Structure formats: C-alpha cells, structure tokens
Amino acid sequence: MSNIFKCYVLGFRDSFYTGWIGNYQYIQWQLVLILSFWALFGGNSQAAQNRSSLPALVSNSTSIDSVLFQNQESQQIKLREQFNQVPILIAAPENFNPGLRVPPPLPKPPVIKPPEKPSPPPASKPEKPTKPVVLEGIQTNFRNDADNFGQRNLFIEPTLQWRSPNGNKIFLTTGFDLFEQRGVESVTNIPVKLGWQGKIREATLHTTAGVDFFDRLPTAINFNAKVELPIVPPKVSNSGKLLSSVTISANVDHSPYKFNAQTLENQITAWRFGPDLYWQIDRYTSLFSSLRLGNYNDGNFEIQSFSRLERKFGQFSVAANLFNWSYSHNNESTSGYFSPPDFLVYNAEVAWEGEIADFLRCRLFATLGQQRLNSEFDNAYGYGSRCTVKFSPILEADLDYSFSNVRNQNMGGSGYGSNSLTGQLRVKF
C-alpha cells in the first residue's frame, strides 16, 4: 500500500507541477483524503502506529501548503522564463512542427546616410551695370542786340548737357558777355551756371545757380527755378503731333539785371517771379500766357504780362500778341533801365514755315500793330526770319534775324529801331 501511496503522491506531484491542479484548496482536500484512505486500510505496522499522529499532520498542513506553494511558484517562474524566451501560440502551425516556426526577424542593418554635399551658396543676382553720366550734347547760344542809339549787348554762352542714370539732366553754362553803351565804359561778364532738370512725380523741376564775374564790377550771384505741371495730360496723334494739353509753370529768378552797361554799373539786381500757362487747344491752335512780378534793389516794382494766340493753316500761321509793362517808378535816368509807368503793345503776326531743302528749314514772319507809351500811340511793326541748317544727324544750327521799332527806351519823338541777330549751334552725342 505504501507503494501505491507513493505512486499516487508522485502522480499528484507531477500533475501539480505541470499546472493541472486548479488551486490551493483542492490540494489540501486531496491530502486529507489520501491520509484517511491510508489509515482505513491499515497500511503497514508503521502506519498503524502513527495513526495517532494524524491530527498533528492535519494541524501542520500550513507548513505543507507553504512548501508546495513555494515549489509551485518556482516552477511557474521557470515556465514563465521559458515562455518569455520563445512565445508559443496555442493554435498555430509552428506549435505542431517546429520546422515551420518563423525565425525571429533579423535586425535591420543600420541606415548609412550618404555624406551630405555642401549646398552651393545661393546664386547672387547679377548686378545691373551702373550707367555712367553721359554727355548728351553741347548747345551754344549766340545773341547780338543793337539799336540806333549806340547800345549793343553781345551774349555767347555754350551749355554742356549730361544725362544721369536715372534720367535727370545736368547743365553747365559759361561763356562771354559784352555790354557796350554810348557814354558808358563797356562791361565784360563771364557767367558760370550749374543747372539740374528732373521729374518729381508729374512735375518737372528745372533749377540753375551760378556766379557772374565782371571785369570791373563785383561778383554777383544768380539763381533760377522753374516747376512745370501738366493740368491736362497731353494727347498725341498717331503721327506724333500734339493734339491737346494744358501745362502751367511757376518761375522765380534772381540775378543782375543785364539791360545795358549802365544798369550793370549801378549794380541793379532784381527778383522776378510769376506763372506761365500753355494751352494746346487743338492740333492747330495754341495759347501762351505769362505774368511776371519784379522787385528791384533800387526800390522799383514792375508788372509784366504777355499773351499769344496762334492758329496754323498748313505751312502758314497767324497770331495775335498782347504785351503790357508797367513800373511803380521811372528810374531810367538814375538806374539806366527802361521803366515806363505805362507801356502797351498789341499786334498781329503772319508767318510761313517750311522746308526749302532737305537740310534747310526756314520761317519768315511780319508783325503789324500799335504801341502806347505814356498815353501816346505809335505804330508798331517788325519782321524777321529764322533758318535751321542740318549739317549732319548730330550737328545743326539756327540763325535768327529780327527788326522791330517797338521801343525799349524813352527817346522822345525820335524814331527808334533795334535789330537782333540770334544763333544757336547744337551738337548731339
């Protein structure tokens, strides 16, 4: 019986280790039944003798439980370690045929990134070539005014013109001026002027500043500024001719009054300012009007106005001119310049302009009207011509001659006449 008991106990132990026993209470009751069965059937003598010690074994079941629990726990730990090493699924083909077990995935090889090529520096935008200041042309003005009373003024003034990269224009003017007058020592003048012309939005600004050097007089400063603003934008035909526009301008000027040698000798200077208006009414009709107010350093004040209405008929044109000039004081005898308190000139003009040859274009004109000086009327007439000669695409010249009996002096009842020869030479680069 002891062998049977041992086998039972060993089977119980193996079943316990393999995890087929449900829980701790079930183990305890099986032990009680085994001991009772062994005592009932006698066992061997040694078992009978120990029958009296059964209660002690039952009472010490706690120590047996702890031993069995420790064995169970250690076995479960071992099984758990095995399960953790190789996870086995209950319903999977690899559990029945180990050859079908999917091998563990190989570790992924480290990703070796190719060495980064240094990025090229950002391509710099090509800089726009800086445009230099370009000399566009040279314009030389020539003027010789003379009258039948021994007064002569000569002007020779070349002007160099540059264009800056932003489209503005720069001017440099110098030259030689000569003033001769009967009874007065002649005066020589060398002007030096620096000018600038540019646009500020829609307005065009033209300024000049300079110095006048004289041979026997103190140096004087000159200044001029002009602002042009289009009121009505110009309309141009397909052929490039101006159809209509309205432009106004404001002017201010300060300089020695270069009327004659006596005026310069008396060092007369003047501030002059006022507006201009140009109205292109249509393709053939235009109106120009100007107003100047003058303030002289000798205490005189002037008002000067001029208006001209012109109409073209092919190569011919007609115009009406109105000129008014008045001073607060007549300082001709003391300061030397013509300063009438009341002077009015109005006349009509007829002109023809056309090409005589491919290189020659001329204009002929004649005026007829009246002039009023100190409330006395007299005829006012004049004539003249202007021709433009084109020597080459870069070189051309103007020559203008005019005669007029409109006075610029108080000569009493004597007949007055003046002639003017004007020229301009232009070189374009």
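In what follows, the structure referred to is the one given above.
Basis of the calculations
Residues numbered from 1 in each chain as written. Predicted model: local features only at pLDDT ≥ 70, side-chain atom pairs only at ≥ 80, totals over all residues. Heavy atoms only, no water. Helix = DSSP H or I, 4+ residues; strand = E, 2+ residues; numbered from the N terminus. Contact = heavy atoms within 4.5 Å. Polar contact = N/O pair within 3.5 Å; in protein donor to acceptor, adjacent residues only side chain to side chain. Buried < 20%, exposed > 50% of the residue type's maximum accessible area, 1.4 Å probe, protein only. Core = buried A, V, L, I, M, F, W, Y, C linked by side-chain atoms within 4.5 Å. Disulfide = S-S within 2.5 Å.

1. So, the environment of Gln315
Locating Gln315 in the fold gives a position in the loop between β11 (301-313) and β12 (316-327). Between the alpha carbons of Gln315 and Arg363 there is a distance of 9.4 Å; along the sequence they are 48 residues apart. Leave out the neighbours within four places in its chain, and Gln315 touches Ala351, Trp352, Glu353 and Gly354. For Gln315, the side chain forms a polar contact with the side chain of Trp352, separated by 3.1 Å.

2. Thoughts on the environment of Thr247
Mapped onto the fold, Thr247 is located in strand β8 (residues 242-256). Residue Thr247 is classed as partly exposed on the basis of its relative accessible area of 24%. In contact with Thr247, not counting residues within four places along its chain, are Glu228, Leu229, Pro230, Ile231, Asp276, Leu277 and Tyr278.

3. Some thoughts on the nonpolar core
Membership of the largest hydrophobic core comes to 14 residues, with the highest contact counts inside it found for Tyr257, Tyr296, Trp325, Tyr327, Tyr337, Phe338 and Phe343. Secondary structure elements with two or more residues in this core: β12 and β13 (343-357). Considering each element in turn, this core owes the most residues, three residues, to β12. When sequence neighbours within four positions are dropped, the list of residues in contact with Tyr337 reads Tyr257, Phe259, Thr263, Ile268, Tyr296, Asp298, Asn300, Tyr327, Asn331 and Glu332. With nine residues, the next largest nonpolar core counts Phe155, Val184, Phe214 and Leu264 among its residues.

4. Considerations on the environment of Gly175
With respect to the helices and strands, Gly175 occurs in the loop between β3 (169-173) and β4 (176-181). When its relative accessible area of 18% is taken as the criterion, Gly175 is described as buried. Each C-alpha atom of the pair Gly175 and Pro191 lies 6.1 Å from the other, and the pair is 16 residues apart in sequence. The contacts of Gly175, once residues within four sequence positions are left out, are Ile156, Glu157, Pro158, Asn189, Ile190 and Pro191.

5. As for the state of the cysteines
Linking two cysteines covalently via their sulfur atoms produces the bond known as a disulfide. For the coordinates displayed, the defined rule picks out one disulfide. Covalently, Cys362 is tied to Cys387 through a disulfide, its sulfur atoms 2.1 Å apart. Because the torsion about its S-S bond is 110°, the bridge between Cys362 and Cys387 counts as right-handed. With Cys362 in strand β14 (residues 360-373) and Cys387 in strand β15 (residues 376-392), this residue pair connects regions lying 25 residues apart in the sequence. The class for Cys362 is buried, based on a relative accessible area of 5%.

6. As for unusual backbone geometry
For residues other than glycine, phi is negative in most cases, and the peptide bonds are mostly trans. Its identity as a non-glycine residue notwithstanding, Arg201 has a phi of 60°, on the positive side. Inspection of the secondary structure puts Arg201 in the loop between β5 (184-200) and β6 (203-214). Classification of Arg201 as exposed rests on a relative accessible area of 79%.

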